[in-house]
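Coordinate inspection notes
Listed below, chain by chain, are the residues.
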Amino acid sequence: MKYIVVTGGVMSGLGKGITMASIGRILKNRGYNIVPIKIDPYINIDAGTMNPFQHGEVYVLGDGAEVDLDLGHYERFMDVELGREHNITTGIIYSAVIERERKGDYLGQTVQIIPHVTNEIKARIRSVAEKSGADVCLVEIGGTVGDIESMPFLEAVRQMQGEEDENDFLFVHVTLVPFTLLREPKTKPTQHSVKALRELGLQPDIIVCRCERALKEDVKAKIAMFCNVKKEAVISAPDAGDIYEVPLLLEQEGIAGYTMRKLQLTQLTEEDHEWAQMVERRRRSSEGKKISVALVGKYAELEDSYLSIKEAIKHAATELGCNVETKWIEAEDLEGVDGLDSFFEGVQGILVPGGFGVRGVEGKINAIEYAREHKIPFLGLCFGFQLAVIEAARNIAGLKDAHSSELCETPHPVIDLLEEQQGVEEKGGTMRLGDYEVFIRKDTLAERIFGKNKIVERHRHRYEVNPAYIERIESEGVIFSGTDRSGVRMEIVEMEEHPFFFATQFHPEFKSRPDNPSPPFKAFVEACLRE
Ligand code: GLN
């Protein structure tokens, strides 16, 4: 097994995840099977309870794991399907060690960070790598070198390097090279972060320098000298207009050749150029017809909280050869105002994404009503689906006070917990997470969109359409066109006599790929193009 470990220096948010996903893609293009692992040095067991304001969206895997959004980059870039074992947190490691201690597995020993915690980390990395059957295991260590939290992980990979064959281990360090006002690149932060790494016994093989503009040779030479790496191993990674270009940019900088030589890998297959072709299609589509989609959300100001949705829209636009601009609208701004025309002027489609909590809910419902009445293409996802059902219950079925029991006391809980979920205390205990089958009704928009009657999509929600209200809501042009296997849970709602009104209880955005857009997103953008 070959290992590539990616660390980060200077500051967070430099795009380590995208760098690692890109290296994975580059190796995949040469015929290698890749397995990525993300290490998050926080004490949370998983990202399920984390505020998207701080960490961006919670990404959901097929097996229901709620993980860091970097796993979304890995899935999209490397075209792999990951599971919960691909995201290791401090919480997971420590609970395993403590559990083992209680069971008496360390009998007589003092349980310590070294070796017990580090052994647990190494064992998990190795087990995921071996089980996957891949050729190369890529490990991203979250956080920044120097953080107390990441120390045990850095120590674990340091030990691993010594235990593995010399040609099987490669360290990539991602840093920042800032430019001064006089446009002079500064290498000192990089030098310091590499120094911090070396104090921990780690010497990077490759340094990826994030920068505004490509670095000149003399700057690379300076970094190489101070940081003890070869000049050709100093890679400049200037800001890319499109993240999907990053594998190509890194490739041009020679990262592939250097990595392969260091790890003694030979090219296994003829190089796969599909990625480059996809990037070219994206470039061309950015010159295509321009449309604007309003995304009505709660964290609208922080685009990372809707990362997969943003990507799925781009995937659809690439395939359809058009340029979709996203207009971020804060849901609360749509409450208590006289008409919404000014908000949606020049917008060809309205999207209401997933969410939790009551803030902004009435604004989202207003947006859905507006889309329905003005016949503007509408896509609702998860919470957006539930609110579309509430809107229909209130304004079509005449249940004025219809609401979700998640949000308030209501005489008409059209969105509610199913009986079997009631009274369960543990947060997350009643969440429906990950892949579930959805059965699609014949002769519906859903059937036209998916082209089949059974699909599998990822879920992350707790509340459901209340079965007691289905008949009443369905009566006037509102159709539940997808359900779970039992027919009890509603999965899709659509509307007759509307150019495109489609909402799903599941999250199609998590399965969208750059060269294979999610069908509902594609159909939505197509409908917007017709406007
Ligand atoms: N809050 C809703 C529920 O729990 C929707 C969740 C979501 O949009 N992910 O059912």
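See the structure printed just above.
Notes on the structure in this doc start here. Keep in mind that this is a model prediction, so the values were computed, not measured. (Residues numbered from 1 in each chain as written. Predicted model: local features only at pLDDT ≥ 70, side-chain atom pairs only at ≥ 80, totals over all residues. Heavy atoms only, no water.)

On to the sheet that holds strand β5 (residues 87-89), then. Sheet architecture is open: seven strands sit in the order β5-β2-β6-β1-β7-β8-β9, paired in parallel fashion. The strands lining the two open edges of the sheet, one partner per strand, are β5 and β9 (234-238). Between one strand axis and the next, the sheet turns by 20° as a mean value, whatever way the strands run. Where strand β1 (residues 2-8) and strand β6 (residues 136-141) come together, five bridges link them in parallel fashion. (Pairing = 2+ DSSP bridges. Helix = DSSP H or I, 4+ residues; strand = E, 2+ residues; numbered from the N terminus. Axes fitted to C-alpha atoms, helices over the stretch in contact; angles between N-to-C directions.)

Another point: the packing of aromatic side chains. Considering all chains together, one arrives at twelve aromatic pairs under this definition. Through pairs of rings, three or more aromatic residues link up here, namely Tyr3, Phe169 and Phe171. When the ring centre of Phe226 is taken as origin, the NZ or CZ atom of Lys188, which lies over that ring, is 5.9 Å away. (Phe/Tyr/Trp six-rings, centres within 6.5 Å; stacked < 30°, edge-to-face > 60°. Lys NZ or Arg CZ within 6 Å of the ring centre and 35° of its normal.)

What follows deals with unusual backbone geometry. The linkage connecting Ile114 with the following residue, Pro115, adopts the cis geometry, with an omega of 10°. As for its placement among the helices and strands, Pro115 is situated in helix α5 (residues 113-132). A positive phi is found at Asp79, a non-glycine position, where the angle reads about 50°. Among the secondary structure elements, Asp79 is positioned in the loop between α3 (70-78) and β5. A positive phi angle, close to 55°, is found at Asp443, a residue other than glycine.

The geometry of helix α4 (residues 90-103) relative to α5 is characterised by a closest axis approach of 10 Å and an angle of 115° between their N-to-C directions. Handedness of the α4/α5 crossing: right-handed. On α5, the residues touching Ile92, Ile93, Tyr94, Ala96, Val97 and Arg100 of α4 are Ile113, His116, Val117, Glu120, Ile121 and Arg124. (Left-handed = near helix turned anticlockwise from the far one by under 90°. Contact = heavy atoms within 4.5 Å.)

Moving on: the sheet that holds strand β15 (residues 412-416). Here we have three strands laid out as an open sheet, ordered β14-β15-β18, and mixed in their pairing. Of all strands in the sheet, those bounded by a partner on one side alone are β14 (402-404) and β18 (464-465). Along the sheet face, helix α15 (residues 383-395) touches β14, β15 and β18 and points at about 160° away from the line of β14.

Residues in contact with the ligand, as listed here, are Gly354, Gly355, Phe356, Cys382, Phe383, Gln386, Glu406, Arg460, His461, Arg462, Tyr463 and His507. Measuring from a nitrogen atom of the ligand, one finds a side-chain N or O atom of His507 at 3.4 Å. For the ligand, whose accessible area on its own is 300 Å², the fraction buried by protein is 99%. Counting only elements with at least two residues in the shell around the ligand, the list comes to α15 and β17 (454-461). (Near = heavy atom within 4 Å. Polar contact = N/O pair within 3.5 Å; in protein donor to acceptor, adjacent residues only side chain to side chain. Areas by Shrake-Rupley, 256 points an atom, 1.4 Å probe, with all protein chains shown as cover.)

Quick look at the side chain of Asp68 now. In this structure, Asp68 sits in the loop between β4 (66-67) and α3. Within the local environment of Asp68, its side chain forms a polar contact with the backbone nitrogen of Asp70, the two atoms lying 2.9 Å apart.

Taking 1.5 Å per residue as the helical rise, helix α7 (residues 188-199) with its twelve residues ought to reach 16 Å, and the 16 Å between its terminal C-alpha atoms agrees with that figure. All of the buried residues along α7 are Thr190, Gln191, Ser193, Val194 and Leu197. Along its buried surface, α7 packs onto β1, β7 (169-176), β8 (206-211) and α8 (217-227). (Expected span 1.5 Å × (residues − 1). Buried < 20%, exposed > 50% of the residue type's maximum accessible area, 1.4 Å probe, protein only.)

A separate point is the pairing of strand β12 (residues 349-352). Here β12 shows a buried face lined by Gly349 and Leu351 and a second buried face lined by Ile350 and Val352. Pairing analysis gives three bridges linking strand β10 (residues 289-297) to β12, with the strands arranged parallel. Along β12, the bridge assignment pairs Leu295 with Leu351. Relative to strand β13 (residues 378-381), β12 runs parallel, the two sharing three bridges. Of the residues in β13, the one forming a bridge with Leu351 is Leu379. Handedness of the crossover is the feature at issue here: the chain leaves β12, passes through helix α14 (residues 361-373), returns alongside β13, and the resulting connection is right-handed. (Right-handed = clockwise from strand over helix to strand, strands pointing away.)

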